[in-house]
Amino acid sequence: MTYFDILLLTVAGFGAGLLNAVAGGGTFLSLPALIYVGVPPVSANATATLAALPGYASSAWGFRHDIKREGVLSTWAIAGVSVVGSSVGAILLIITPGDTFLWVVPWLLLFATFMFACGPHLLRAVRDRGVNSAGAAVSVAAMLAVSTYGGYFNGGLGIMLLATFGLIGYANLHGMNGLKSLVSAVVSLVSSITFITADLIAWQPAIVMACSITVGGYLGANLSRRIVRTDLLRHFVTVIGLAMAAVFFLH
């Protein structure tokens, strides 16, 4: 890697960790940066997932006092279902040809951006259904679906998790953010183990990005409680997502 590559990965990683902790959308920065420095698409997605892991873990640690059970599923049950789903998603990524994944990426980014932009509306919609509106079976199915998606593609996972938590009975936003970081860490860990076994990780870029993501994730967890105009931040991230999707469509 060149010095510019290292600088780019460091800046993109810090920004990704910050965004993941505060609002989500970090993959909009990390994945394009990895592809730009020459990492193949499928490997870049796997590497971005591994690099995001310490950032998720540091964010979860920052929210550790906020995580409390609110729905019908315990935290351990949610983690267990996430292990299964992320394993399935990771295997699906491994068997996806590189050219196919490169074709799918802009659509995934566009979908993730749409989900991110509509996040507040989704949360309001599921909260209108009432706390504990989903039973155990629906809760398990919802967590299985979103963790499978996360194992395959990390983009937009945060807002999808928040919407899912609202559906299965969560209401405290700080607690939901903490659980989001915890589940994201579990999904990333399980997926990364699968990707390492399949030799998909670009280790040098992963190490550089992981260090900066960790710092950004921890700072973001503390910063999120102080941000008043989250709507402006959400608009900014949405613009980034649309721009990255456009770049891949034109690639």
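Our subject is the structure listed above.
This is a predicted model, so every value here is computed, not measured.

Q: What's the story with the nonpolar core in this structure? I'm lost.
A: Among the nonpolar cores identified, the biggest contains 60 residues, and Ile78, Phe101, Met143, Phe153, Phe165, Val183 and Met209 are the most heavily contacted of them. Take this core: its biggest share by element is 8 residues, from helix H5 (residues 98-117). In this structure Val183 touches Ile78, Ser82, Met143, Leu161 and Phe165, once residues within four positions along its chain are discounted.

Q: Is there a simple way to think about empty space enclosed by the protein in this case?
A: Over the atoms rolls a probe the size of a water molecule, and in doing so it shows where empty space is left. Counted by the stated rule, this structure contains 2 cavities of 30 Å³ or more. Quantified by volume, the second largest cavity comes out at close to 40 Å³. For the second largest cavity, the full set of lining residues is Ala16, Asn20, Thr27, Ser30, Ala48, Ala52, Tyr56, Asn154 and Ile213. If you tally residues by element for the lining of the second largest cavity, the top one is helix H3 (residues 41-62), at 3 residues.

Q: Looking at this structure, how should I read a nonpolar patch on the surface?
A: Together, Val84, Val88, Ile91, Leu92, Ile94, Ile95 and Leu144 make up a nonpolar patch on the protein surface, roughly 570 Å² of accessible area in all. Per-element tally for the nonpolar patch: the top contributor is helix H4 (residues 75-94), with 5 residues. Structurally, Val84 is set in helix H4.

Q: What is the right way to read helix H1 (residues 3-22) from this model?
A: Residues spaced three or four apart along an α-helix point in a common direction, a consequence of the helix completing one turn every 3.6 residues. Along its 20 residues, H1 runs 29 Å from first to last C-alpha, staying within 8% of the 28 Å computed at 1.5 Å per residue. Restricting attention to buried positions, one finds in H1 the residues Asp5, Leu9, Ala12, Gly13, Gly15, Ala16, Gly17, Leu19, Asn20, Ala21 and Val22.

Q: Help me out: how do you make sense of the side chain of Thr27 in this one?
A: Along the chain, Thr27 falls in helix H2 (residues 27-36). The residues touching Thr27, leaving out its near neighbours within four places in the chain, are Asn20, Pro32, Phe153, Asn154 and Gly155.

Q: How do you make sense of H2 when you look at a structure like this?
A: Extensive coverage of H2 is indicated by the burial of 8 of its 10 residues. Looking one or two residues past H2, Gly38 carries a phi angle of roughly 105°, positive in sign.

Q: What should I look at first to understand unusual backbone geometry in this one?
A: Excluding glycine, a negative phi dihedral is what most residues carry, and trans is how most peptide bonds are arranged. Of note, the phi angle at Asp199 is positive, near 60°, even though the residue is not glycine. Here Asp199 shows up in the loop between helix H9 (173-197) and helix H10 (203-223). The class for Asp199 is exposed, based on a relative accessible area of 64%.

Q: Before we go on, may I ask you to explain the packing of H4 against H9 in this structure?
A: Contact geometry for H4 and H9: axes closest at 8 Å, N-to-C directions at 40°. On the basis of their axis angle, the class for H4 and H9 is oblique. As H4 packs across H9, the resulting crossing turns out to be right-handed. Every residue of H9 that contacts H4 at Thr75, Ile78, Ala79, Ser82, Val83, Ser86, Ser87, Ala90, Ile91, Leu93 and Ile94 is listed here: Leu179, Leu182, Val183, Val186, Val187, Val190, Ser191, Thr194 and Phe195.

Q: Teacher, can you tell me more about the packing of aromatic side chains here?
A: Given two aromatic rings, their pairing is described by the distance between the two centres and the angle made by the two planes. On inspection of all chains with the given rule, the structure shows 6 aromatic pairs. Considering the side-chain rings of Trp103 and Trp107, the 6.5 Å spacing of their centres and the 45° angle between planes classify their relative orientation as tilted. Linking Trp103 with Trp107, this pair stays in helix H5, spanning 4 residues, or about one helical turn. Overall, the relative accessible area of 59% leaves Trp103 in the exposed class. Ring plane angle 65° and centroid distance 6.0 Å describe the contact between Phe111 and Tyr149, whose orientation is recorded as edge-to-face. Remark: Tyr149 occurs in helix H7 (residues 136-152) and Phe111 occurs in helix H5; sequence separation between them is 38 residues. Owing to a relative accessible area of 36%, Phe111 belongs among the partly exposed residues under this scheme. Here the aromatic cluster, defined as three or more aromatic residues joined through ring pairs, consists of Trp103, Trp107 and Phe249.

Q: Looking at this structure, how should I read the environment of Ala117?
A: On the secondary structure map, Ala117 appears in helix H5. Under the relative-accessibility criterion, Ala117 is labelled partly exposed at 31%. Sequence separation between Ala117 and Val237 is 120 residues; the distance between their C-alpha atoms is 8.5 Å. Residues contacting Ala117, with those up to four places away along its chain left out, are Arg234 and Thr238.

Cut-off values and rules
Residues numbered from 1 in each chain as written. Predicted model: local features only at pLDDT ≥ 70, side-chain atom pairs only at ≥ 80, totals over all residues. Heavy atoms only, no water. Core = buried A, V, L, I, M, F, W, Y, C linked by side-chain atoms within 4.5 Å. Buried < 20%, exposed > 50% of the residue type's maximum accessible area, 1.4 Å probe, protein only. Helix = DSSP H or I, 4+ residues; strand = E, 2+ residues; numbered from the N terminus. Contact = heavy atoms within 4.5 Å. 1 Å grid on protein atoms, 1.4 Å probe; cavity = no way out; pocket = protein on both sides within 12 Å on 5 of 7 lines; lining within 4 Å. Points joined across faces, edges and corners; volume = space filled by probe spheres on them. Patch = residues over 30% accessible without salt bridge, like charges linked within 9 Å, V, L, I, M, F, W, Y side chains within 5 Å. Areas by Shrake-Rupley, 256 points an atom, 1.4 Å probe, with all protein chains shown as cover. Salt bridge = Lys/Arg side-chain N within 4 Å of Asp/Glu carboxyl O. Expected span 1.5 Å × (residues − 1). Axes fitted to C-alpha atoms, helices over the stretch in contact; angles between N-to-C directions. Parallel < 35°, antiparallel > 145°, perpendicular 65-115°, else oblique. Left-handed = near helix turned anticlockwise from the far one by under 90°. Phe/Tyr/Trp six-rings, centres within 6.5 Å; stacked < 30°, edge-to-face > 60°.

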